[in-house]
Amino acid sequence: MRVTRSRAAALAVAAIMLSGGCGGGSSSDGGGGDKAANAFSVALTEPDHLTPGNTSSSYSLTVLDALFDTPVAIDPATGKPQMRAAESVTSTDQKVWTIKIKPGRKFSNGEPVTAQSFADSWNATAYGPNGWTNNYYFDKIEGYDELNPESGEPSTDKLSGLKVVDDTTLEVTLTAPFSQFPITLAWIAFAPMPKAAFDDLKAYDQAPIGNGPFVLDGAWEHDKQIKVKRSPTYTGERAAKADEVTFKIYASRDTAYTDLRAGRVDLQLTIPPASAPEAKNLLGDRFVATAGGTMDYLGFPVYDKRFANPDLRKAFSMAIDRQAIVDAVYNGTFKPMASLLAPLVPGYRENACGEACTYDPAKAKALFDQAGGFSGTLNLWFSNADPSYEQWMTAIANQLKQNLGIADIKFRKIPASDYLSTLRAHKQDGPYRNNWVMDYPSPQNYLESMWGEGNRMGWENKEFLDLIHQANTAPTFDESLPLYQKAEDIALAEMPMIPLWNWQDQIGYSNRLSGVNVTPYSANLDAISVKQG
Amino acid sequence: MRYAAQRLAQAIPVFFATTFLIYAMVFALPGDPILALAGDKPVPEQVLAVMRARYHLDEPLLVQYGHYMLGVFRGDLGETFTGQPVSELLQDRWAVTAQLALTAWIFELVVGIGLGVLAGLRRGGAADTAVLAGTTFVIAVPVFVVGYTAQIVLGLNLGLFPTAGTDEGWPGSYLLPGMVLGSFGLAYVARLTRTSLVENLRADYVRTATAKGLSRRRVVGLHALRNSLIPVVTYLGVDFGNLMAGAVVTEGIFNLPGIGQQVFQSIQLQEGPVVVGVVTLLVMIFILANLAVDLLYGVLDPRIRRARA
């Protein structure tokens, strides 16, 4: 009896293990292998959210750009706003803005897109207790403070600065004149949301309904794929050429690149820098590098008196061979910078920095000695988010050692999750990695966010702030640019933060695709056609 | 069966101890996970406060753990920072890892024992030498080297297997990663089987069996091999748990959205509930695998069974 029992138990356990293994998993439906259909696939990293107000990750943006039309888009040639869901965005005093919505547009569930759809979406994003990522984009609109009180629950959930005049007119009142307002409307957080979303915001995040050229096709299969198809209700300018797009989700860019080579995915927006030379060979003109809006800088703790002298900071800048580092660490795919702005930003000047950003070890050393040199330990601060940070910091340490004679250099590598709170608390006592991912192509986005009030360097300059303020209140976008440039000149002359390089995106695609036109603002998936046969 | 119940009861303190330990470890990681989610962008205090309260990050460790455990007993494992329920997430991912581990395990079992028997029966011959050399090589080379090489050569260049992903389901998508994951264990299984078989073939009872005039097939299959498999079964049982836990690298290379990948991401994001959920699951699997091994001993060797009774 005992024998059979224990035998049975063993068999049962084995059976459970086997059924546990096989039971859950054979639900595969072929994924992105529809070679015959008018469909293609895009390699993607798992998005965090698909609610326009609640994400700023580039992966989410790739999907949301296909699902939503924002009021304004950015013309990739000029970096200036062009109308999309909006017909016009106008103001006489830069403070009260009138947004006219194009009439007759619909969400993919058939609901009309009205001024109210925009107001609802913006209110929800600005409402503090929702805890959405893009909340701060609305801080220039009147009434923002009431939705985000220092403590306690807000008394209202509507921005007082938003007025729905009629179905196609939205009036926005800002707390102060802001000449860059139209271009900020290209940001995904300003997309509209339908009434249906507000019944269950959590469900909406999993299955968003938008007003864009594509519509979700089936459920978001986490960590596997997101399928979209051409929207049946879309009447805008971006009508999709392909019937279907599958976003295949990869945990690693390297694996995605292997799949691109194997022909298992059609478009990759993020080829790893290490594979760039090979991809160039392999893909020919189906490999494209585009300059992005992301910049790396080396910041100084100006509040620390050892770094208080601008000449010392300039000497550091001139002792760094940016091109050599970019070649060694990023395979030459990033672009060394002599400007605080990324090249695609209107108002960008190629050599705004001049001599101070030109590699010249002899002059650097002279300037360094003249400024009194540096004694003690030089701590270099960066996060462990990416192994390349340590590589280029090491290169910088070597160059400072060699060119300025600073002997005692130490690395302070901080966990990524702790890095920004460290900078925020001004705990860094030496040069540190600083990075800016562009929100919209305006000098203001870089200068005010990074050098403006309460900046991480502890740098204070009244003239700079005055110029920013003047530019923000300038009557037109074009008139604001020279003012921003003057402000940039001051920040460069004082050099509280050194520009290092501009990031580039390496894009590759399969020979099945044509019409690929990826810009820093949009992957333009609607324009891509699939070659038949 | 009392024995089995006893073993299961032992799992309860293990369950609490491990979950608390893991929770405390994740808690002790430096940094603010909510702030880290925002990257370089500013986060208003109000939003930070809302998010911290939502995930009880503003409370002391014991309270957080208490919240988590209360949830677990209500069948709620909490949610990730992106708002996905952990139970749902584990359900999806658990199936992927189980399929991967099972593929690797079957590969180890069949090919490993096969090679071991082959080497053991022809001790000193060419097959034996080849198995010894091959297994030495596999043990010496790190998993990620084997993984990337197999992916590039067998997947990309020769096109024998899909390079990554789960598009083709089981077994198609799992064969190559399964073999990579199982290769290490396979080497051990083959060597254990070989050594054990060689020893047993020299034992008295085998000689007796041969003297009784039993066929070689019966002698090897029924007598020698059965006893030789005891250490192998021990290894295979423990290794099933190992495979589940050790899938991190393989899942990464082959882009399989399984438990291993999730643990890696969740530790980076400091998502306590997810890490604890997965680890608890793994602890259970280890306990069950060991239990299965103990029960199998009885089947393979009657002496063990009787001693216990």
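Residues numbered from 1 in each chain as written. Chains lettered and ligands numbered in written order. Predicted model: local features only at pLDDT ≥ 70, side-chain atom pairs only at ≥ 80, totals over all residues. Heavy atoms only, no water.

1. Examining the overall build of chain A
The secondary structure content of chain A amounts to 16 helices and 19 strands. In terms of principal-axis extent, the alpha carbons of chain A reach across some 85 × 75 × 55 Å. Looking at chain A as a whole, 57% of its 533 residues qualify as buried. Restricting the contact set of chain A to residue pairs at least 6 apart, pairs at least 24 apart contribute 69%. Just so you have it, chain A exposes about 20,800 Å², and 50% of that area is on carbon and sulfur atoms. Distance between charge centres in chain A, computed from 49 positive and 62 negative side chains, equals 7 Å. (Helix = DSSP H or I, 4+ residues; strand = E, 2+ residues; numbered from the N terminus. Buried < 20%, exposed > 50% of the residue type's maximum accessible area, 1.4 Å probe, protein only. Contact = heavy atoms within 4.5 Å. Areas by Shrake-Rupley, 256 points an atom, 1.4 Å probe, with all protein chains shown as cover. Lys, Arg positive; Asp, Glu negative; His and termini not counted. Charge placed at Lys NZ, Arg CZ, Asp CG, Glu CD.)

2. Looking at the overall build of chain B
Helix and strand counts for chain B stand at 14 helices and zero strands. A principal-axis box enclosing the C-alpha atoms of chain B has dimensions of 85 × 55 × 30 Å. Split into buried and exposed, the 309 residues of chain B put 49% on the buried side. Counting contacts in chain B only where the partners sit at least 6 residues apart, residues at least 24 apart contribute 76% of the total. Roughly 14,100 Å² of accessible area belongs to chain B as shown, and the carbon and sulfur atoms make up 68% of that amount. Positive and negative side-chain charges in chain B, numbering 22 and 20 respectively, have mean positions lying 22 Å apart.

3. Description of a nonpolar patch on the surface
All names here are of chain B. A cluster of nonpolar side chains, namely Val 143, Phe 144, Val 145, Tyr 148, Val 248, Val 249 and Phe 264, defines an oily patch on the protein surface of about 560 Å² accessible area. For the nonpolar patch, the secondary-structure elements that each account for two or more residues are α7 (143-157) and α11 (247-253). Here the element with the most residues in the nonpolar patch is α7; it accounts for four residues. (Patch = residues over 30% accessible without salt bridge, like charges linked within 9 Å, V, L, I, M, F, W, Y side chains within 5 Å. Salt bridge = Lys/Arg side-chain N within 4 Å of Asp/Glu carboxyl O.)

4. A short note on the pattern of salt bridges
Residue and element names in this part refer to chain A. Here the structure, examined in full by the defined rule, presents 27 salt bridges over all chains. With a shortest N-O distance of 3.9 Å, Lys 163 and Glu 171 are connected by a salt bridge. Taking the shortest distance from any N to any O, the salt bridge between Arg 264 and Asp 259 comes out at 3.4 Å. Asp 259 carries the same exposure label as Arg 264, and that label is buried. Salt bridges here are not isolated pairs; linked through shared partners, they connect Asp 65, Asp 69, Arg 238 and Asp 526.

5. Quick word on the side chain of A:Asn461
Residues and elements named next belong to chain A. Topologically, Asn 461 is positioned in the loop between α14 (443-451) and α15 (462-472). By relative accessible area, Asn 461 is classed as buried at 15%. Here Phe 464 takes part through its backbone nitrogen, which lies 2.9 Å from a polar atom of the side chain of Asn 461. Residues within four places of Asn 461 in sequence aside, it is in contact with Ile 490 and Glu 494. (Polar contact = N/O pair within 3.5 Å; in protein donor to acceptor, adjacent residues only side chain to side chain.)

6. What about the confidence of the model for chain B?
The predicted model of chain B averages 80 in pLDDT, with 93% of residues at 70 or higher. As a predicted assembly, this complex carries a pTM of 0.82 together with an ipTM value of 0.76. (pLDDT = per-residue confidence, 0-100.)

7. Details of unusual backbone geometry
Residue A:His426 is not a glycine yet carries a positive backbone phi of 55°. Inspection of the secondary structure puts A:His426 in the loop between α13 (416-424) and β16 (432-436).

8. Some remarks on the state of the cysteines
All names here are of chain A. The final tally for this structure, using the stated rule, is one disulfide over all chains. Covalent S-S linkage joins Cys 353 and Cys 357, the inter-sulfur distance amounting to 1.9 Å. An S-S torsion of about 80° defines the bridge between Cys 353 and Cys 357 as right-handed. Judged by its relative accessible area of 8%, Cys 357 is buried. (Disulfide = S-S within 2.5 Å.)

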